[in-house]
Amino acid sequence: GAALDWDQLPTRVEAVIAERINRVPDHWQALLDAACVQGDEFTDEVVAEAIGLETAAVTQALGGELNRRYQLVTATRLERLGAKRLMHYRFRHNLFEKYLYQRLDEVRRAQLHEAIGSALEKQYTDRPTDLQVIAPQLARQFEAAGLALKAADYWRLAGQRAVRLAAYPEATTLLTHGLRLLN
């Protein structure tokens, strides 16, 4: 209903979600934490890089146990970046993502945002055009990590791309946000 506060889950809903997530073995909990920090859609390679696991193991977990057995995630698409291959996934319900994100403490959340941002950067460094496309995502990750200068630089990059696309109101918003961070 309209009165439902999506930032605070009802106790019963939270309990059901917690029970489901707590069934997942401990060795996959870090994977779920990194995935929820990456956002609505996350990739196997970025999550693997962020938590220091082999991509094949993460792909197998996401496509296997976490999908079929625990029914927490689902594959959405395959993206090719030259010779690289990124498998995209999402949580089956955004409440899983929200629960996982809210259970992280501030320090761990900031660490994961920085790790996800760095892993994303690494995936796209040899593709400057694609880097500009994901600049807003990088800016949000680094801002949440507390890296204001790095975030402001990506807001600038996103704003410049918006100007080239003649999206002037969006460019103003992006560039203004980056300037606020510099203050």
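Before reading on, note that the structure itself is shown above.
All values reported here derive from a predicted model rather than from experimental measurement. Counting from 1, residues in each chain are numbered in the order their sequence is written. Restriction of local features to residues with pLDDT of at least 70 applies here, the model being predicted, together with a cutoff of 80 or more for giving and counting side-chain atom pairs; totals for whole chains, interfaces and linings are based on all residues. Only hydrogens and water are set aside; all other atoms, that is, all heavy atoms of the structure, feed into the side-chain values.

Caption draft 1: Broad picture of the packing of aromatic side chains. Side-chain rings of Phe, Tyr and Trp (the six-membered ring for Trp) are treated as a pair once their centres are within 6.5 Å; stacked means planes under 30 degrees apart, edge-to-face means over 60, and tilted covers the remaining angles. By the definition in use, this model includes three aromatic pairs. A ring pair is formed by phenylalanine 42 and phenylalanine 91, whose centres lie 5.2 Å apart and whose planes are at 50°; its orientation type is tilted. Taken together, the residues phenylalanine 42 in strand 1 (residues 41-43) and phenylalanine 91 in strand 3 (residues 84-91) connect sequence positions 49 residues apart. What makes phenylalanine 91 buried here is its relative accessible area of 4%. Measuring from ring centre to ring centre gives 5.9 Å for phenylalanine 142 and tyrosine 154, while their planes differ by 15°; the resulting arrangement is stacked. One end of the pair, phenylalanine 142, is in helix 9 (residues 135-144); the other, tyrosine 154, is in helix 10 (residues 148-164), with twelve residues separating them in the sequence. Through a chain of ring-to-ring contacts, the aromatic side chains of Phe42, Tyr89 and Phe91 assemble into a single cluster. Think of it this way: any DSSP run of H or I at least four residues long counts as a helix, any run of E at least two long counts as a strand, and we number them from the N terminus. For the exposure calls, accessible area comes from a 1.4 Å probe over protein chains only, and a residue counts as buried if that area is under 20% of its type's maximum, exposed if over 50%, partly exposed in between.

Caption draft 2: Structural context of a nonpolar patch on the surface. On the surface, Leu149, Leu179 and Leu182 cluster together into a nonpolar patch covering about 340 Å² of accessible area. Structurally, leucine 179 can be placed in helix 11 (residues 168-182). A patch consists of residues whose relative accessible area exceeds 30% and which take part in no salt bridge; residues with like charges are grouped when within 9 Å of each other, and nonpolar side chains (Val, Leu, Ile, Met, Phe, Trp, Tyr) when within 5 Å. All accessible-area figures derive from a Shrake-Rupley calculation using a 1.4 Å probe, and residue coverage is judged against the displayed protein chains alone. We define a salt bridge as a contact between a side-chain nitrogen of Lys or Arg and a carboxyl oxygen of Asp or Glu at a distance within 4 Å.

Caption draft 3: Quick peek at the layout of surface pockets. Here a cavity denotes grid points, spaced 1 Å and computed from the protein atoms alone, that fit a 1.4 Å probe unable to get out, and a pocket denotes an open set having protein on both sides within 12 Å along at least 5 of 7 lines; residues with an atom within 4 Å of a point are the lining. Grid points are joined across faces, edges and corners, and a volume is the space filled by probe spheres set on the points. Estimates place the volume of the largest pocket at around 190 Å³. Along the wall of the largest pocket there are 15 residues; nearest its centre are Glu41, Arg77, His88, Tyr124 and Gln137. Elements with a contribution of two residues or more to the lining of the largest pocket: strand 1, strand 2 (73-81), helix 7 (106-124) and helix 8 (128-133). Quantified by volume, the second largest pocket comes out at close to 160 Å³. What lines the second largest pocket is Val37, Gln38, Gly39, His113, Gln137, Arg140, Gln141 and Ala144. Of all the secondary-structure elements, those providing two or more residues to the lining of the second largest pocket are helix 2 (26-38) and helix 9. The greatest single-element share of the lining of the second largest pocket, amounting to four residues, is contributed by helix 9. All amino acids are sorted into three groups, where Ala, Val, Leu, Ile, Met, Phe, Trp, Tyr, Cys and Pro are nonpolar, Asp, Glu, Lys and Arg are charged, and the leftover types, Gly among them, are polar. Each residue belonging to the lining of the second largest pocket can be placed in one class, and the counts come to two nonpolar, five polar and one charged.

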